[in-house]
Amino acid sequence: MISDKKVILLGLDGATWTQLNPHISMGLMPNLLKLIDNGVKGILNSTVPYTSRACWLSILTGTNPGKHGIPHHTVGGKHEVPRLWDILTEKKMKQLIVNDLITYPPSPIDGVMISGGFSTPSTSKDFTYPISIMDEINKIVENYTPSLSAEILQKTQEEKFDEFYNKLQEWGNNVVKISTNLEKNHEWQLFAPIIENTDYINHFFWDKPEFLKKFFIWLDDVIGKFNEIAKKNNANLIIVSDHGGGPIKKHFLINTWLQQSGFTNFTKPNKIRKILSKTGIKRKDVRSNLSKLHLRGIASKITTSEIRKMVPIDKNESGVIDVNSKVFSEAYDEITVNIENSIEYEKTRNKLIEKLENLKDDEGNFIVSKVYKREESFHEPFVNRAHDLQFVLNEGYCYSSAIREKYILTPEEIGRIRTGDHRPEGIFLGSGPDFEKGKSISGLQLWDICPIILHCLELEIPSYMDGTVPKELFSQHSSAFKREIFIKNEIKKDFSKKQIDNKINEYSKEDEDEIKKVLDEMGYT
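Notes on the structure in this doc start here.

What counts as what
Residues numbered from 1 in each chain as written. Predicted model: local features only at pLDDT ≥ 70, side-chain atom pairs only at ≥ 80, totals over all residues. Heavy atoms only, no water. Pairing = 2+ DSSP bridges. Helix = DSSP H or I, 4+ residues; strand = E, 2+ residues; numbered from the N terminus. Contact = heavy atoms within 4.5 Å. Axes fitted to C-alpha atoms, helices over the stretch in contact; angles between N-to-C directions. Core = buried A, V, L, I, M, F, W, Y, C linked by side-chain atoms within 4.5 Å. Buried < 20%, exposed > 50% of the residue type's maximum accessible area, 1.4 Å probe, protein only. Parallel < 35°, antiparallel > 145°, perpendicular 65-115°, else oblique. Nonpolar A, V, L, I, M, F, W, Y, C, P; charged D, E, K, R; others polar. Left-handed = near helix turned anticlockwise from the far one by under 90°. Polar contact = N/O pair within 3.5 Å; in protein donor to acceptor, adjacent residues only side chain to side chain. Phe/Tyr/Trp six-rings, centres within 6.5 Å; stacked < 30°, edge-to-face > 60°. Lys NZ or Arg CZ within 6 Å of the ring centre and 35° of its normal.

Spatial strand order, β5-β4-β3-β6-β1-β7-β18-β2-β19: nine strands in an open sheet with mixed pairing. This sheet does not close on itself; its edge strands, each paired only once, are β5 (128-129) and β19 (439-445). Strands β1 (7-12), β6 (190-195) and β7 (236-240) of the sheet are contacted by helix α10 (residues 209-232), whose axis makes an angle of about 170 degrees with β1.

Have a look at this one:
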């Protein structure tokens with residue numbers, strides 16, 4: 001028999017108590033304060049590296065990135081285990097998913113799914129399941145777009161912050177409006193609206209209190225709306241973020257440091273690259289610029305490796321990574337070590353770890369908090385998809401793959417507008433009929449969220465999941481506390497046979513270019 005329990009999973013991409021707590025103290029977030037007083041609050045520890053696609057998949061699969069198969073931020077690729085959506089569909093439990101940040105195109109689930117955010121092209125018309133739901137969406141919001149375009153994000157580089165903020169909030173309001181209206185007309189046992197605005201606010205408005213104040217007043221109103229829906233449906237409300245955020249004071253140019261430390265070799269840019277550098281053309285713009293010139297046929301034939309050779313990372317680069325270099329970084333907070341000899345490979349990784357963990361800036365502050373080997377960050381069975389080392393920078397530092405004369409630069413020196421970056425401390429808040437009141441909890445991991453939701457819905461938890469269900473979350477009088485946590489013996493060979501929709505994020509070249517532009521503006525690539 002299907003349980004009648006209900007859960008609302010409210011995702012706040014990039015939300016952090018570092019910003020929320022001060023605005024609660026100012027009296028600007030009474031709805032959130034009320035939830036904290038009547039619920040369980042804690043830090044939700046993120047993955048390393050804490051990039052959004054890997055993080056959200058850990059939340060939705062109950063597994064670490066080495067198991068779900070997406071260990072870092074990629075465009076394309078596939079996950080290897082069922083998401084929460086897949087599990088509930090198999091159980092014939094109705095769902096309403098709005099603004100799913102990691103699934104594009106949307107999956108056929110038992111219910112409604114709307115893809116959106118950083119994985120969905122802003123021009124897409126194929127972002128809903130079922131497709132017929134578009135008629136209902138268009139009645140709620142005319143000409144709804146599922147994500148912010150690269151052109152809107154470009155407003156930040158032009159320092160048109162008022163214009164960007166207004167566009168961001170218009171989109172956020174549309175996501176909320178669609179969520180609250182669809183909820184009235186569709187059955188659900190899991191309702192999962194995801195708000196991406198919090199991440200954009202962290203990246204571009206961290207140091208702008210006039211924007212922060214009005215944003216967190218808005219966010220509190222949004223939280224209040226979803227809490228009212230939870231109370232009306234006697235549902236548990238779980239609020240999570242995939243990672244936290246913090247200020248950017250300096251950029252750490254890892255490739256420049258690798259070269260100056262003797263791990264990487266640079267060559268001088270060739271003539272074509274120097275000319276392109278002066279024009280300001282970036283890698284992310286190549287195919288789209290050729291398409292605008294009606295040279296789409298040429299654009300489609302240019303490979304990623306050819307673009308790497310021809311086009312600079314930015315207009316002020318002082319060198320190019322030599323093609324024969326075995327150590328380099330092209331992904332957020334990660335280092336690739338391409339050494340076949342196992343002894344030399346391990347020796348090089350150990351040397352890198354020692355040097356990075358002892359690296360200080362001119363003021364005597366450590367730059368790097370911790371360096372992990374990939375087998376320390378992730379475990380089974382897709383560890384080898386990860387880069388060889390992952391590192392966590394101390395607060396105030398931001399990763400950059402750019403190549404300049406110095407390996408530490410201020411945001412002004414590097415020419416980046418972003419004032420905030422990801423941190424590993426996300427948020428957790430649980431409230432509703434099953435949760436304890438006024439309690440704090442520590443030690444929660446991203447992969448605990450899926451098992452917690454399954455338990456709240458009175459479902460078995462697959463044994464392959466890494467997450468656990470801490471009973472201290474729940475009131476001793478609640479059914480969730482009294483009920484045994486059921487673990488279903490299900491190993492990889494079982495779930496790999498399931499017809500899960502894991503070939504997500506398959507794009508045309510034009511769509512892929514737009515997604516990469518957005519990720520570049522956000523600092524992920």
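Before going further, it helps to examine the nonpolar core. If you look at the biggest cluster of nonpolar residues, it comprises 72 residues, and the most contacted ones within it are Phe 252 and Phe 428. Element by element, the count of residues in this core is highest for helix α19 (residues 449-456), at six residues. Among all residues touching Phe 428, those that are not within four sequence positions of it are Trp 17, Val 40, Lys 41, Gly 42, Leu 44, Ile 238, Ile 239, Val 240, Phe 435, Leu 444, Ile 449 and Leu 473. By size, the runner-up hydrophobic cluster in this structure holds 59 residues, among which are Leu 35, Leu 182, Ile 201 and Ala 230.

So, on to the packing of helix α1 (residues 17-25) against α10. The geometry of α1 relative to α10 is characterised by a closest axis approach of 11 Å and an angle of 85 degrees between their N-to-C directions. By the angle between their directions, the pair α1 and α10 is classed as roughly perpendicular. The residues of α10 that touch α1, namely those facing Gln 19, Leu 20 and His 23, are Leu 212, Lys 213, Phe 216 and Leu 219. Residue composition of the contact of α1 with α10, by class: four nonpolar, two polar and one charged.

This part is about the sheet that holds strand β13 (residues 368-373). Within the open sheet, the four strands sit side by side as β11-β12-β14-β13. Their pairing is antiparallel. The open sheet is flanked by β11 (327-331) and β13, the only strands paired with a single partner. On average, each strand axis in the sheet is tilted by 30 degrees relative to the strand beside it, whichever way the strands run. Strand direction decides the pairing type here: strand β12 (residues 334-337) and strand β14 (residues 389-393), joined by two bridges, are antiparallel. By the bridge assignment for β14, Ile 335 is matched with Leu 389. Contacts between helix α16 (residues 342-357) and the sheet are confined to β11, β12, β13 and β14, with β13 contributing the most and set at about 165 degrees to the helix.

Moving on to the packing of helix α6 (residues 133-140) against helix α8 (residues 161-185). Where α6 contacts α8, the axes come no closer than 10 Å and their chain directions differ by 120 degrees. On the basis of the axis angle, α6 is oblique to α8. In the crossing of α6 with α8, the sense of the turn from one axis to the other is right-handed. Counting all contacts with α6, which are made through Ile 133, Glu 136, Ile 137 and Ile 140, the residues of α8 involved are Lys 177, Ile 178, Asn 181, Leu 182 and Asn 185. Classifying every residue of the contact of α6 with α8 by side-chain character gives five nonpolar, two polar and two charged.

Let's shift gears to the pairing of β12. Residues Glu 334 and Thr 336 point to one face of β12 and Ile 335 and Val 337 to the other, with burial holding for every one of them. Across three bridges, the pairing between β11 and β12 is antiparallel. In the sheet register, Phe 328 faces β12, and the bridge partner there is Thr 336. In this structure, the hairpin formed by β11 and β12 is closed by a connection of two residues, where Asp 333 is found at a positive phi of approximately 55 degrees.

Tracing the backbone through its elements, the reader meets Asp 242 in the loop between β7 and β8 (244-253). Among the polar contacts made by the side chain of Asp 242, one reaches the side chain of His 243 at a distance of 3.3 Å. Those residues within four positions of Asp 242 in sequence are excluded, and the remaining contacts are Asp 13, Gly 14, Ser 46, Ser 52, Cys 55, Trp 56, Ile 59 and Leu 446.

As a further point, take the packing of aromatic side chains. Counted under the stated rule, the structure contains 20 aromatic pairs. Look at Trp 188 and Phe 191: their rings are 5.5 Å apart centre to centre, the planes differ by 45 degrees, and that puts the pair in the tilted class. The pair formed by Trp 188 and Phe 191 is uniform in burial state, with each residue classed as buried. An angle of 85 degrees between the planes, with centres 6.2 Å apart, marks the rings of Phe 252 and Tyr 407 as edge-to-face. Residue Phe 252 is found in strand β8, and its partner Tyr 407 is found in the loop between β15 (396-400) and β16 (408-409); the two are separated by 155 residues along the sequence. Members of the aromatic cluster, joined through ring pairs, are Phe 161, Phe 164, Tyr 165, Tyr 200, Phe 204, Phe 205 and Phe 211. Its guanidinium or amino end placed over the ring of Trp 188, Lys 6 lies 4.8 Å from that ring's centre, counting from NZ or CZ.

Quick look at α19 now. Summarising burial for α19: eight of the eight residues are buried, a large majority. Those residues of α19 that fall on the buried side of the exposure criterion are Ile 449, Cys 450, Pro 451, Ile 452, Ile 453, Leu 454, His 455 and Cys 456. Positive phi shows up at Glu 458, right after α19, with a value of about 60 degrees.

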